[in-house]
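These are the residues of each chain, in order.
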Amino acid sequence: NAGVTQTPKFQVLKTGQSMTLQCAQDMNHNSMYWYRQDPGMGLRLIYYSASEGTTDKGEVPNGYNVSRLNKREFSLRLESAAPSQTSVYFCATRTGGGNYGYTFGSGTRLTVV
Amino acid sequence: GENVEQHPSTLSVQEGDSAVIKCTYSDSASNYFPWYKQELGKRPQLIIDIRSNVGEKKDQRIAVTLNKTAKHFSLHITETQPEDSAVYFCAATTSYGKLTFGQGTILTVHP
């Protein structure tokens, strides 16, 4: 039972390159989220998926796209990376309905040079 | 949308002292308030949460209080230990909504 698995753990990109961050969960949770964490800014929501087949923008969606491939997987894509996207990215899941906290993945540390 | 403000941004205490972190929220519809602890280089981990129908909740040395009228909630850590040193985040959400996080508090407990 791995919980929430993110890949890769570290990545260095050149400005303009593209990449996809992967997130998979085995908790049978409906909702999945992508956050970025920057010093002094807390965790800011990029995109989320309330259920399989739906995705919505969060607070800071510009420069990103997402795909909810199935109930287990939710990917985040950077089409043309910029230095401002240097951050730590966390995927999280939450069971649908009720008041339950998130379960976070271990994070991806992305540096764009 | 929801806005969560968290204070202080940094907190330094001596081992054995108490630590208090405060948060305010803007959306009166929010009804679930979790607290997360994040150690350096690790993922955030849920340490305690409170629902809007409860005013206070305790778990050993950790307690959370909620004042719905004033729209603020607080984390209290008693008898602090060096291993309590971490970044703490408050958050707020409605039942089916998405979490909005505070900016975080860096807690340092000096031996």
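Residues numbered from 1 in each chain as written. Chains lettered and ligands numbered in written order. Predicted model: local features only at pLDDT ≥ 70, side-chain atom pairs only at ≥ 80, totals over all residues. Heavy atoms only, no water.

Draft legend 1. The state of the cysteines, seen in detail. All names here are of chain A. For the coordinates displayed, the defined rule picks out 2 disulfides over all chains. One disulfide in the model links Cys 23 with Cys 91; its S-S distance is 1.9 Å. One quick way to see it: the torsion about the S-S bond of Cys 23 and Cys 91 is about -70 degrees, and its sign makes the bridge left-handed. You can see Cys 23 sitting in strand β3 (residues 19–25) and its partner Cys 91 sitting in strand β9 (residues 87–94), a full 68 residues away along the chain. Comparing Cys 23 with Cys 91, the two get one shared label, buried. (Disulfide = S-S within 2.5 Å. Helix = DSSP H or I, 4+ residues; strand = E, 2+ residues; numbered from the N terminus. Buried < 20%, exposed > 50% of the residue type's maximum accessible area, 1.4 Å probe, protein only.)

Draft legend 2. Representation of the pairing of strand β9 (residues 86–92) of chain B in the model. Residue and element names in this part refer to chain B. Here β9 lies mainly inside the structure; 6 of its 7 residues are buried. Note: strand β4 (residues 32–38) against β9, 4 bridges, orientation antiparallel. Bridged to Tyr 36 within β9 is Phe 89. Of the pairings in the sheet, the one linking β9 to strand β11 (residues 105–110) comprises 3 bridges and is antiparallel in character. What sits directly across from Val 87, in β11, is Ile 106. For β9 and strand β10 (residues 100–101), the ladder comprises 2 bridges, and the chain directions are antiparallel. Considered in β10, the bridge of Ala 92 is made with Thr 100. (Pairing = 2+ DSSP bridges.)

Draft legend 3. Spotlight on the interface of chain B and chain A. Across the boundary between the two partners, chain B contributes 19 residues, which contact 21 residues of chain A. Interface of chain B and chain A: buried area, both sides summed, is about 1700 Å²; carbon and sulfur atoms make up 54% of it. Taken together, chain B and chain A are joined by 0 salt bridges. Scanning the region where chain B abuts chain A turns up 5 residue pairs in polar contact (both at pLDDT 80 or more). Here the side of chain B that touches chain A takes 3 residues from β4(B), the largest share from any one element. Grouping the amino acids of the side of chain B that touches chain A by side-chain chemistry returns 7 nonpolar, 8 polar and 4 charged. (Contact = heavy atoms within 4.5 Å. Buried area = accessible area lost by both parts, 1.4 Å probe. Salt bridge = Lys/Arg side-chain N within 4 Å of Asp/Glu carboxyl O. Polar contact = N/O pair within 3.5 Å; in protein donor to acceptor, adjacent residues only side chain to side chain. Nonpolar A, V, L, I, M, F, W, Y, C, P; charged D, E, K, R; others polar.)

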